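Here are the chains, one letter per residue:
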There are 2 protein chains.
Amino acid sequence: MRVLGVHRRSIIAATDQRGIEVIDQRALPHALSILMLRTAGDVARAIREMLVRGAPLIGVVAAYGLCFAVREDASDAGIERTYRTLLATRPTAVNLRWALDKMREALLAVPSAERFDTGWRCAQALCDDDVATNFAIGKHGLTLLRSLFDRKSGSRLNVLTHCNAGWIATVDWGTALAPIYLAHDSGMPIHVWVDETRPRNQGALTAWELGQHGVQHTVVVDSAGGHLMQHGLVDMCIVGADRVTARGDVCNKIGTYLKALAARDNGVPFYVALPYPTIDWTVEDGIGSIPIEERDPSEVLSVYGAVDHADPTGPVPPGLTAVDPAGPVPPAQLATPTLRWGSVRPYPAATRAANYAFDVTPAKLITGFITERGITPASREGLRSLYPERVRAP
Amino acid sequence: MRVLGVHRRSIIAATDQRGIEVIDQRALPHALSILMLRTAGDVARAIREMLVRGAPLIGVVAAYGLCFAVREDASDAGIERTYRTLLATRPTAVNLRWALDKMREALLAVPSAERFDTGWRCAQALCDDDVATNFAIGKHGLTLLRSLFDRKSGSRLNVLTHCNAGWIATVDWGTALAPIYLAHDSGMPIHVWVDETRPRNQGALTAWELGQHGVQHTVVVDSAGGHLMQHGLVDMCIVGADRVTARGDVCNKIGTYLKALAARDNGVPFYVALPYPTIDWTVEDGIGSIPIEERDPSEVLSVYGAVDHADPTGPVPPGLTAVDPAGPVPPAQLATPTLRWGSVRPYPAATRAANYAFDVTPAKLITGFITERGITPASREGLRSLYPERVRAP
């Protein structure tokens, strides 16, 4: 999507195959900091520390990570070891396992000497596949937005989204935001309520993305959605997903469930946008079966952001390399060098916190799924009708 | 309740009747900053800028404000003018109007020369009345907690609360926290899930209060409550209220409605604790009729808290006087002089936000009310059964 007026993908593979450029999402929205990841270790760290985040994106980045590992150790055992390391970086998103499984299968099928080239081609294909998939999600979602818009006889459409399921959470287009970008590009007046999405404030990423692309939006606290829906200020909710079970339960950023409850209570359509690798066909009961990542309480107790202008202290973590982005973006425009990052702690020093990263929204609360193959009800039958090849004998 | 090991009320009237000492809640939890309010202007500012907050507290503070105004102008017109100024400081809480009505009635009933003394006595009575009322709420709420605790056969009770309805939101005891304090004091093992309550993070006040009194607690983001309830980690929700309608709809801090939805979906009892001045007998439909205060978007876009130790920059706003608190609290323990306050902005500079301060929870989602007269269903009949003197002919 557009950044500073030019098109960019969130992953750019180096033409010499020495690494991939990714956007350090922790520096957003204050600076567009581009990092080069060259090893599986770089990749594991970038995922674990959430320099890259978003279920589709971490799958593709992990695929490149497994490819890089082959350059150092192309043995079956080496591949298996790196596979396990990368898989352990985030426990909830299922796209990660899907991408790593694809890669491992492709790598083990060829002799050691061919493994790097095969891995590189496979990772590139996963990358391009993600873009095509998300564009298709956008096209299908657009039909929903258009029919809502037609019913409003021309007045502005209001969509609420939670967390960031935009283009930077994928390779391009995003999942939940893809229909919104296409609606905006088609000239439809559309406005997005952006949940701030505590504790990591991924709403700032969504606000940044939408602002860069010129889509109208307003940030609200995570508690506000119910009030907005009670007063007719939300026409539709669209969120992404980290994992969807075979019967249609949705694991997504903590707080998604509360928005789905409010949507049902107020008759607001609640859609989940997802690509097929997000479906975990091995799990039925989302609440009972999906492990919910508990992250560091400091994410709750401290809030990170721009401080008043002061010393330029960059957010690049030690050991990773900051590079000027390639391409036509003038480097001078990429950062705000007088900006300083910092955090504040609203709590007493002794306060303890718990930091559950995701929750599960039961299928019964979801109006439908928007996938690259179309729209379907959030149910076992709905998912099977779109992916008949996955139907097994009972 | 206990602060630094000694008992304190949130309002202490000066014995020379020149002013009242209040706690600057914006400095909490980082420092116990005590401010002297001497004029109606001081009081209006303290309420408007949320140095004092909490529906019961602002009612009592406003009462003193009207009393101070009488010292300068004891005429009917002067009283009326100050009444209107104070009433306009916060539009949602109904206790404010209730307390000001009580005061105005008492002042206008006596000759000008007696008005200050009458006003002072009336404000003192409102202050003491608030303490007695909240203690009674605590006693009634304790019976609910005890019966839940008995059913858990001795394992720790988990209560979730939203915002701050503790002793610093009142004169003492609090509303939602009163039963919790009494349960703790009675030796019951009780743990509180504290919603951080964006955008102003009043959860920090609740965490501070509970910590000072020794009650176990854990802060969670506002989005976490649904997940906690899905997993059986919440035995009961108790919140306060800014206004309750005659049919039992509850206006309270933004996000209360979402917690009530989750409680219903998971069979968790959801109680609202309130004193009688919170009931607005003139309003039926909370969603349609209660004006929801929209506050400055900067409260959403910036987060305020303690920065790493640096220059001691006190949070006392210009024009108000910081005083050492009276009584047995050693002044040296009251502040952390090396602490600096500041804010960070997680959003792009151009981002817009909306800041709705309250929402309305329909009566149907509420298990019951805890008032100073007992427990009652959240319905017109329930409220009338407790306050039969309010029943009018249809």
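Quick caveat, the model's predicted, so the values are computed rather than measured.

### A look at the pattern of salt bridges
- This model, assessed by the stated rule, comprises 46 salt bridges over all chains.
- Residue Arg9 of chain A pairs with Asp128 of chain A through a salt bridge whose shortest N-O separation is 3.0 Å. With Arg9 of chain A in the loop between strand E2 (6-7) and strand E3 (11-13) and Asp128 of chain A in helix H5 (residues 115-151), this pair connects stretches of sequence that are 119 residues apart.
- Owing to a relative accessible area of 43%, Asp128 of chain A belongs among the partly exposed residues under this scheme.
- With a shortest N-O distance of 3.1 Å, Asp73 of chain B and Arg81 of chain B are connected by a salt bridge.
- One network of salt bridges, with partners in common, ties together Arg90, Arg200, Glu293, Arg295 and Glu299 of chain A.

### What to know about the confidence of the model for chain A
Residues and elements named next belong to chain A.
- Of the residues in chain A, 91% have a pLDDT of 70 or more, and the chain-wide mean is 90.
- Below pLDDT 50 for its whole length, residues 324-338 participates in 20 contacts with residues either more than four positions away or in separate chains.
- Confidence estimates for the predicted assembly give a pTM of 0.91 and an ipTM of 0.90.

### With respect to the environment of Gln17 of chain B
Residues and elements named next belong to chain B.
- As for its placement among the helices and strands, Gln17 is situated in the loop between strand E3 (11-13) and strand E4 (20-23).
- Here Gln17 falls in the partly exposed class, since its relative accessible area comes to 26%.
- A sequence separation of 15 residues divides Gln17 from Arg2, and the C-alpha atoms of the two residues are 25 Å apart.
- Once residues lying within four places of it in the same chain are set aside, the contact partners of Gln17 are Phe68, Arg71, Phe116, Asp117 and Trp120.

### Comments concerning the sheet that holds strand E6 (residues 157-161) of chain B
Residue and element names in this part refer to chain B.
- Read across the open sheet, the seven strands follow the order E8-E7-E6-E9-E12-E18-E19; overall the sheet is mixed. Sheet topology places strand E8 (216-220) and strand E19 (374-376) at the edges, where each strand pairs with a single neighbour. In this sheet, adjacent strand axes meet at a mean angle of 25° when their direction is disregarded.
- By the bridge criterion, two bridges tie E6 to strand E9 (residues 236-239) in an arrangement that is parallel. Looking across to E9, one finds that Val159 is bridged to Met236.
- Where helix H5 (residues 115-151) meets the sheet, its contacts fall on E6, strand E7 (190-195), E9, strand E12 (270-273), strand E18 (368-371) and E19, and the angle it forms with E18 comes to roughly 135°.

### Let's talk about the side chain of His227 of chain B
- Along the chain, His227 of chain B turns up in helix H8 (residues 225-230).
- Accessibility expressed as a relative area gives 4% for His227 of chain B, which makes it buried.

### A few points about the relation of the copies chain B and chain A
- Overlaying chain B with chain A gives an RMSD of 0.0 Å, the required rotation being 180° about an axis along which the chain moves by 0.0 Å. In the structure described here, the two chain copies are related by an operation that fits a two-fold rotation axis.
- In this assembly, 98% of the residues forming the interface of chain B have copies in chain A that are likewise at the interface, indicating an isologous arrangement.

### So, the sheet that holds strand E12 (residues 270-273) of chain A
Residues and elements named next belong to chain A.
- Taken together, the seven strands give an open sheet; going across it, the order is E8-E7-E6-E9-E12-E18-E19, and neighbouring strands pair in mixed fashion. If you trace the sheet from one side to the other, it starts and ends with strand E8 (216-220) and strand E19 (374-376), each paired once. Averaged over all neighbouring strand pairs, the angle between strand axes comes to 25°, with direction disregarded.
- As paired elements, strand E18 (residues 368-371) and E19 share three bridges and run antiparallel to each other. Within E19, the residue paired with Phe369 across the bridge is Thr376.

### Here we look at the pairing of E8 of chain A
Residues and elements named next belong to chain A.
- Buried residues dominate E8, accounting for four of its five residues.
- Of the strand pairs in this sheet, strand E7 (residues 190-195) and E8 are connected by five bridges, and their pairing is parallel. Residue pairing in the sheet places Val192 in a bridge with His217 of E8.
- Each parallel crossover has a hand, and the one from E7 via helix H7 (residues 203-213) to E8 is right-handed.

### Observations concerning the packing of helix H1 (residues 40-48) of chain A against helix H3 (residues 76-87) of chain A
Residue and element names in this part refer to chain A.
- The N-to-C vectors of H1 and H3 enclose an angle of 15°; their axes lie 9 Å apart at closest approach. Between H1 and H3, the crossing angle belongs to the class labelled roughly parallel. Crossing handedness for the pair H1 and H3: right-handed. Residues Ala40, Val43 and Ala44 of H1 lie in contact with H3, whose contacting residues are Thr82, Thr85 and Leu86.
- Split by residue class, the contact of H1 with H3 holds four nonpolar, two polar and no charged.

Cut-offs and rules
- Residues numbered from 1 in each chain as written.
- Chains lettered and ligands numbered in written order.
- Predicted model: local features only at pLDDT ≥ 70, side-chain atom pairs only at ≥ 80, totals over all residues.
- Heavy atoms only, no water.
- Salt bridge = Lys/Arg side-chain N within 4 Å of Asp/Glu carboxyl O.
- Helix = DSSP H or I, 4+ residues; strand = E, 2+ residues; numbered from the N terminus.
- Buried < 20%, exposed > 50% of the residue type's maximum accessible area, 1.4 Å probe, protein only.
- pLDDT = per-residue confidence, 0-100.
- Contact = heavy atoms within 4.5 Å.
- Pairing = 2+ DSSP bridges.
- Axes fitted to C-alpha atoms, helices over the stretch in contact; angles between N-to-C directions.
- Least-squares fit on C-alpha atoms with pLDDT ≥ 70 in both.
- Right-handed = clockwise from strand over helix to strand, strands pointing away.
- Parallel < 35°, antiparallel > 145°, perpendicular 65-115°, else oblique.
- Left-handed = near helix turned anticlockwise from the far one by under 90°.
- Nonpolar A, V, L, I, M, F, W, Y, C, P; charged D, E, K, R; others polar.

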